[in-house]
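# Structural overview
The chain contents come next:
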Amino acid sequence: MLQFKRALFAGIILFSSACSEQTVLPSDIATVPAVVETDNVGTIGDDAADDPAIWRNPEDPSQSLIIGTDKKAGLHVYDLFGKQKSFLAAEAVNNVDLRTIGETILVGASDRADPEQPRLALYTLDSDKAALNPLTNIPVGTGEAYGFCFGMLGADELRAFIVTKEGGVIDMSITLSGGTASAEVKRMFKLETQPEGCVVDDRTGMLYVGEENVGIWAFNLNQDNPAAVRFAVLKAGELTADVEGLALAPEGATGGYLLASSQGDNSYAIYDLESGQFRARFAVEDGDIDTTSDTDGIDMMLGDFGPDYPGGIFVAQDGDNGDGTQNFKFLSWDAIRRSLNL
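Note that the structure is predicted; figures quoted are calculated from it, not measured.

Right, let's get into the overall build of the chain. Check the secondary structure of the chain and you find one helix and 27 strands. Computed over the C-alpha atoms, the radius of gyration of the chain is 18 Å, within 12% of the 20 Å expected from 2.2 N^0.38 for a compact globule of 342 residues. Taken over the C-alpha atoms alone, the chain extends approximately 55 × 45 × 40 Å along its principal axes. Put simply, the chain has 342 residues, and 57% of those count as buried. Across the chain, the fraction of contacts at a sequence separation of at least 24, relative to all contacts at a separation of at least 6, is 50%. When the accessible surface of the chain is split by element, carbon and sulfur atoms take 47% of a total near 13700 Å². For the chain, the distance from the average site of its 24 positive side-chain charges to the average site of its 53 negative ones is 3 Å.

This is how it looks when you write it as structure tokens:
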């Protein structure tokens, strides 16, 4: 099992590994209880669980599904009670996202099996069986695949973005036809140091990317050659390195919130999408279900997900679940908003 030491000096928590002996939360932070935690991923004694993606069942929201990666083993599919419904082995998938295109629930993941050749792994989700089916695996660009997200440009152009450890962001156009999929690299962006988390606001065409030791950048995908625009920076009491997963809670035509995993202080930062202003931060309460620490990936989706999540669901990876394995926690968006007066 990975050994983890945490020192507290001048109010800054320093981390040396992905697992901790005791989670330390800032004393001034609001906490929100988790409703559910998932079954543990299969990899024991290693940093394994990483990133979630949410599929909302439009006909019966209580039957929605959560996909979570075990970056050492494959992809888990969970129900809203956190119970594993299926598992698909995959060598080294890291981040995951999904989009519904017509009748197809398309799932994508960054495949980092080859540290010099990023690959885009594509699957379809059979919602009736709560199971993933492999579709294709496509090599793109150079470097080590790390972050991943989908985005829509306009009403019908599906794009996929692989973020590499070397700072590259590979923008691809995805085509589905006759049960197959293809990808065409359109352009590449570059950040100076290692990024990972990314998310696209389909309403505005803005791509947000977290540079782990710097902050969050925004790219306007509607431009031919979008420049990186600083959206948020590391700041005590707001966002602490590493910046990890990103997620959106959109409201109206352009409003809502960007959520970021502030891994260094075991919290989640919330920013106003229109102004970029920091609004609040929260952590998972350490109660009947334990808190989260060292969170990598997060996801967020608004809408009715049944009585436990009437306004939306927030999912966070837990880097230290206390028994040598990792898992994911589910929170109610309504509870988060009430706690933070959003």
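From this point, the narrative continues.
This next bit is on the pattern of salt bridges. A side chain of one charge can pair with a side chain of the opposite charge if their charged atoms are brought near each other. Taken as a whole and assessed by the stated rule, the structure comprises 21 salt bridges. Here Lys329 ties to Glu37 by a salt bridge, and the two come within 3.0 Å at their closest N and O atoms. Here Glu37 lies in strand 4 (residues 36-37) and Lys329 lies in strand 27 (residues 327-332), a separation of 292 residues in the sequence. What makes Glu37 partly exposed here is its relative accessible area of 28%. Connected via shared salt-bridge partners are Glu37, Asp290, Asp318 and Lys329.

Let us look at the state of the cysteines. One pass over the full model with this rule turns up one disulfide. With a sulfur-sulfur separation of 2.3 Å, Cys149 is cross-linked through a disulfide to Cys198. Between Cys149 and Cys198, the S-S dihedral sits near -125°, and the bridge is therefore left-handed. Of the two residues, Cys149 is situated in strand 13 (residues 145-153) and Cys198 in strand 17 (residues 195-201); the sequence distance between them amounts to 49 residues. A residue is classified by how much of its surface remains accessible, and Cys149, at 1% relative accessible area, is buried.

Looking now at unusual backbone geometry. Cis geometry is adopted by the peptide bond preceding Asp242, which originates at Ala241 and carries an omega value of 5°. With respect to the secondary-structure elements, Asp242 resides in the loop between strand 20 (229-233) and strand 21 (243-251). A positive phi is found at Asn341, a non-glycine position, where the angle reads about 55°. Structurally, Asn341 is set in the segment after helix 1 (333-340).

For the rest of this paragraph, the subject is the nonpolar core. Counting residues in hydrophobic clusters, the biggest one holds 21 residues, and the most contacted among them are Leu259, Ile270, Phe282, Phe314, Leu331, Trp333 and Ile336. Put simply, the parts of the chain that give this core at least two residues each are strand 21, strand 22 (255-262), strand 23 (267-272), strand 24 (278-284), strand 25 (298-302), strand 26 (312-318) and helix 1. Apart from residues no more than four positions distant in its own chain, Leu331 is found in contact with Val32, Pro33, Ala34, Phe282, Val284, Tyr309, Gly312, Ile313, Phe314 and Ile336. Core analysis: the second largest hydrophobic core is formed by 19 residues, Ile67, Leu98, Ala130 and Leu132 among them.

The subject of this paragraph is the environment of Gly287. One can find Gly287 in the loop between strand 24 and strand 25. The exposure class of Gly287 is partly exposed, given its relative accessible area of 38%. When the C-alpha positions of Gly287 and Ala34 are compared, they lie 8.4 Å apart, and in sequence the two are 253 residues distant.

Before going further, it helps to examine the environment of Val315. Topologically, Val315 is positioned in strand 26. Along the sequence, Val315 and Arg203 sit 112 residues apart, while their C-alpha atoms lie 22 Å from each other. Each residue touching Val315, except ones within four places of it in the same chain, is listed here: Pro52, Ile54, Ile66, Gly297, Ile298, Asp299, Phe328, Lys329 and Phe330.

Before going further, it helps to examine the packing of aromatic side chains. Summed over the entire model, instances satisfying the criterion amount to 10 aromatic pairs. With a centroid separation of 5.5 Å and 70° between ring planes, the pair formed by Phe282 and Phe314 is classed as edge-to-face. Residue Phe282 is located in strand 24, and its partner Phe314 is located in strand 26; the two are separated by 32 residues in the primary sequence. A single burial state applies to Phe282 and to Phe314, both of which are buried. Here a set of aromatic residues connected by ring pairs shows up, and it is made of Tyr208, Phe231, Tyr271 and Phe278. When the ring centre of Phe305 is taken as origin, the NZ or CZ atom of Arg56, which lies over that ring, is 5.9 Å away.

Okay, the side chain of Arg112 next. Take Arg112: it is sitting in the loop between strand 10 (104-111) and strand 11 (119-126). Residue classification places Arg112 among the buried residues on the basis of a relative accessible area of 17%. Within the local environment of Arg112, its side chain forms a polar contact with the side chain of Asn94, the two groups lying 2.6 Å apart. Once you skip the residues sitting within four places of it in the chain, Arg112 turns out to touch Lys71, Ala92, Asn94, Glu144, Ala145, Tyr146 and Lys165.

The rules behind these values
The residue count restarts for each chain, going from 1 along the sequence in the order it is written. Note on the predicted model: pLDDT of at least 70 is required for a residue's local features to be given, and 80 or more for side-chain atom pairs to be given and counted; whole-chain, interface and lining totals, by contrast, use all residues. Each side-chain value is worked out from all heavy atoms of the structure, with water and hydrogens disregarded. Numbering of helices and strands runs from the N terminus, with a helix taken as a DSSP run of H or I at least four residues long and a strand as a DSSP run of E at least two residues long. Every radius of gyration here is taken over C-alpha atoms, with the globule rule written as 2.2 Å times N^0.38, N being the number of residues. Exposure is judged per residue with a 1.4 Å probe applied to protein chains only, and the accessible area is read against the type maximum: over 50% gives exposed, under 20% gives buried, and values in between give partly exposed. Here, residues are in contact when the closest pair of their heavy atoms is within 4.5 Å. Note on areas: these come from Shrake-Rupley sampling with a 1.4 Å probe, and a residue is covered only by the protein chains present in the view. Working convention for charge: Lys and Arg count positive, Asp and Glu count negative, and His plus the chain ends are omitted. Charge positions are represented by NZ for Lys, CZ for Arg, CG for Asp and CD for Glu. Salt bridges are identified by distance alone: a Lys or Arg side-chain nitrogen within 4 Å of an Asp or Glu carboxyl oxygen. For the purposes of this analysis, a disulfide is any pair of cysteine sulfur atoms at a distance within 2.5 Å. Residue types Ala, Val, Leu, Ile, Met, Phe, Trp, Tyr and Cys, when buried and joined through side-chain atoms within 4.5 Å, form a set referred to as a nonpolar core. A pair of Phe, Tyr and Trp rings is counted when the ring centres sit within 6.5 Å of each other, with Trp represented by its six-membered ring. The angle between the planes then sorts it: under 30 degrees is stacked, over 60 is edge-to-face, the rest tilted. When the NZ atom of lysine or the CZ atom of arginine is within 6 Å of a ring's centre and also within 35 degrees of its normal, the charge is said to sit over that ring. Polar contact is the term for a pair of N or O atoms within 3.5 Å; when the atoms are in protein, one must be able to donate a hydrogen and the other to accept it, and sequence-neighboring residues count only if both atoms are side-chain atoms.

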